[in-house]
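Read off the chains here:
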Amino acid sequence: MQIVIISGMSGAGKSYALQALEDTGYYCIDNLPSQLIEALIQTPQIASLERLAIGIDIRGGKDSLKEIPETLTRIRQRYPKTHLIYLYAQRDVIQKRYNETRRSHPLIHEEKELAKAIELEENLLGFLAQQADWRIDTSQTTVYELSLLLRARLGETPLPNFSLMFQSFGYKHEAPSDSDFVFDVRCLPNPYWVPELRALTGRDSAIVEWLQQHPRVQQLYQGMRDFLELWLADPEACQRTYLTVSIGCTGGRHRSVYIAEALYQHFHQKLGDCVLLRHRELNYLAPSQ
């Protein structure tokens, strides 16, 4: 059985994540105290499932959270394909979402101010964020994009032993905080300043040809590729199930997109369907094919 445990900050999208997994064939249970997880998976009805997703969060109580690490260790001994996914967002984003929906935060009875309740929850869940197999920052991710991300990495095919995603982004829209490696390519020549190229993206042939004419672009790409090839020579040695490599330029539409595309094509040929591509500012996600 494949088990996905979804946790994280209230308002970060856990309910939507479970809905997305349910649409791909997972049997989903939300707000389950950690003390009940082992008993649940041992019941005949659940043990016969191929895919199970469980939502756990602060609503189960502080004591329940403390037991999660040991519970996960025991579950993984029986079900090796058990992954912990942690969703979070910037505090001001979480606060805005609560203000818009007018819902009460689970810890509002302990901290009367919403901002303090959010801060308290983030601190209480800090150890889970550190132990997660995959951390997803939903600050700038729509519900639709979150669904696509989960479907790409957890959906139609069995859970991978290793998943590598290349992601382009723009620094003016803030760098993603859920990356394992971040490369800054703002030092490269910028096609934005060429009027006829400004409206295009790094996926267009005109931009590709323009960037390929500059030796510095190829030198930086080669250096990044060599570094990643050395580091990824043995994916299992990385001790990470989900690895995200982010490439950023100013706007996230030209240089970073081109470099991410080039790296994706190279590593997809070498590693196969475990490699994904996402262009954050273009709202584009290419699942493995």
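First, a word on what this report is: a plain description of the structure on this page.

Cut-offs applied
- Residues numbered from 1 in each chain as written.
- Predicted model: local features only at pLDDT ≥ 70, side-chain atom pairs only at ≥ 80, totals over all residues.
- Heavy atoms only, no water.
- Helix = DSSP H or I, 4+ residues; strand = E, 2+ residues; numbered from the N terminus.
- Rg over C-alpha atoms; globule rule 2.2 N^0.38 Å.
- Buried < 20%, exposed > 50% of the residue type's maximum accessible area, 1.4 Å probe, protein only.
- Core = buried A, V, L, I, M, F, W, Y, C linked by side-chain atoms within 4.5 Å.
- Contact = heavy atoms within 4.5 Å.
- Pairing = 2+ DSSP bridges.
- Axes fitted to C-alpha atoms, helices over the stretch in contact; angles between N-to-C directions.
- Parallel < 35°, antiparallel > 145°, perpendicular 65-115°, else oblique.
- Left-handed = near helix turned anticlockwise from the far one by under 90°.

Another aspect to go through is the overall build of the protein. Along its length, the protein carries 12 helices and 10 strands. Taken over the C-alpha trace, the protein has a radius of gyration of 20 Å; the compact-globule value for 289 residues is 19 Å, and the two agree within 12%. Expressed as lengths along the three principal axes of its C-alpha atoms, the size of the protein is roughly 60 × 40 × 30 Å. Across the 289 residues that make up the protein, the buried fraction comes to 50%.

So, about the nonpolar core. Judged by nonpolar contacts, the single largest core of 55 residues is most densely connected at Ile85, Leu150 and Leu154. Residue contacts for isoleucine 85: discarding those within four places in its chain leaves Val4, Ile5, Ile6, Ser7, Trp134, Ile136, Leu154 and Tyr242. In this structure, Leu164, Phe166, Val194 and Leu211 belong to the second largest nonpolar core, which totals 32 residues.

What follows concerns the pairing of strand β9 (residues 275-279). Taking burial as the measure, the five residues of β9 include five buried ones, the bulk of the element. Residues Val275, Leu277 and His279 point to one face of β9 and Leu276 and Arg278 to the other, with burial holding for every one of them. Of the strand pairs in this sheet, strand β6 (residues 163-170) and β9 are connected by five bridges, and their pairing is parallel. The residue bridging leucine 164 from the neighbouring strand is valine 275, located in β9. Taken together, the three bridges between β9 and strand β10 (residues 284-286) define a ladder with antiparallel strand orientation. Its bridge partner lying in β10, histidine 279 is registered against tyrosine 284. Connecting β9 to the antiparallel partner β10 that follows it, the hairpin turn spans four residues, and asparagine 283 within it adopts a positive phi of roughly 55°.

Within a beta sheet, neighbouring strands are joined by backbone hydrogen bonds and run either parallel or antiparallel to one another. Taking strand neighbours across the sheet as the criterion, the five strands line up as β2-β3-β1-β4-β5 in an open arrangement whose pairing is parallel. Both outer strands of the open sheet, β2 (27-29) and β5 (134-137), are each paired with one neighbouring strand and no more. The sheet shows a mean angle of 20° between the axes of neighbouring strands, direction not considered. Judged from the three bridges that link them, β2 and strand β3 (residues 51-55) form a sheet pairing that is parallel. Looking across to β3, one finds that isoleucine 29 is bridged to isoleucine 54. Strand contacts of helix α9 (residues 143-154): β1 (2-8), β3, β4 (82-88) and β5, with the helix running at about 160° to β5, the strand carrying the most contacts.

Contact geometry of helix α6 (residues 91-101) with helix α7 (residues 114-124) gives a least axis separation of 10 Å together with a crossing angle of 125°. Overall, the two elements α6 and α7 adopt an arrangement that is oblique. The interaxial crossing formed by α6 with α7 has right-handed handedness. Where α6 approaches α7, its residues Arg91, Ile94, Gln95, Tyr98 and Asn99 are matched on the opposing element by Leu114, Ala115, Ile118, Glu119, Glu122 and Asn123.

Turning to the sheet that holds strand β7 (residues 181-184), a few remarks are in order. Pairing is mixed across the open sheet formed by five strands, whose spatial order is β7-β8-β6-β9-β10. Looking at which strands have only one partner, the edges of the open sheet turn out to be β7 and β10. Sheet twist, expressed as the mean angle between neighbouring strand axes with direction ignored, is 15°. Sitting on the sheet, helix α11 (residues 215-231) is in contact with β6, β7 and β8 (242-249), with an inclination near 170° to β7.

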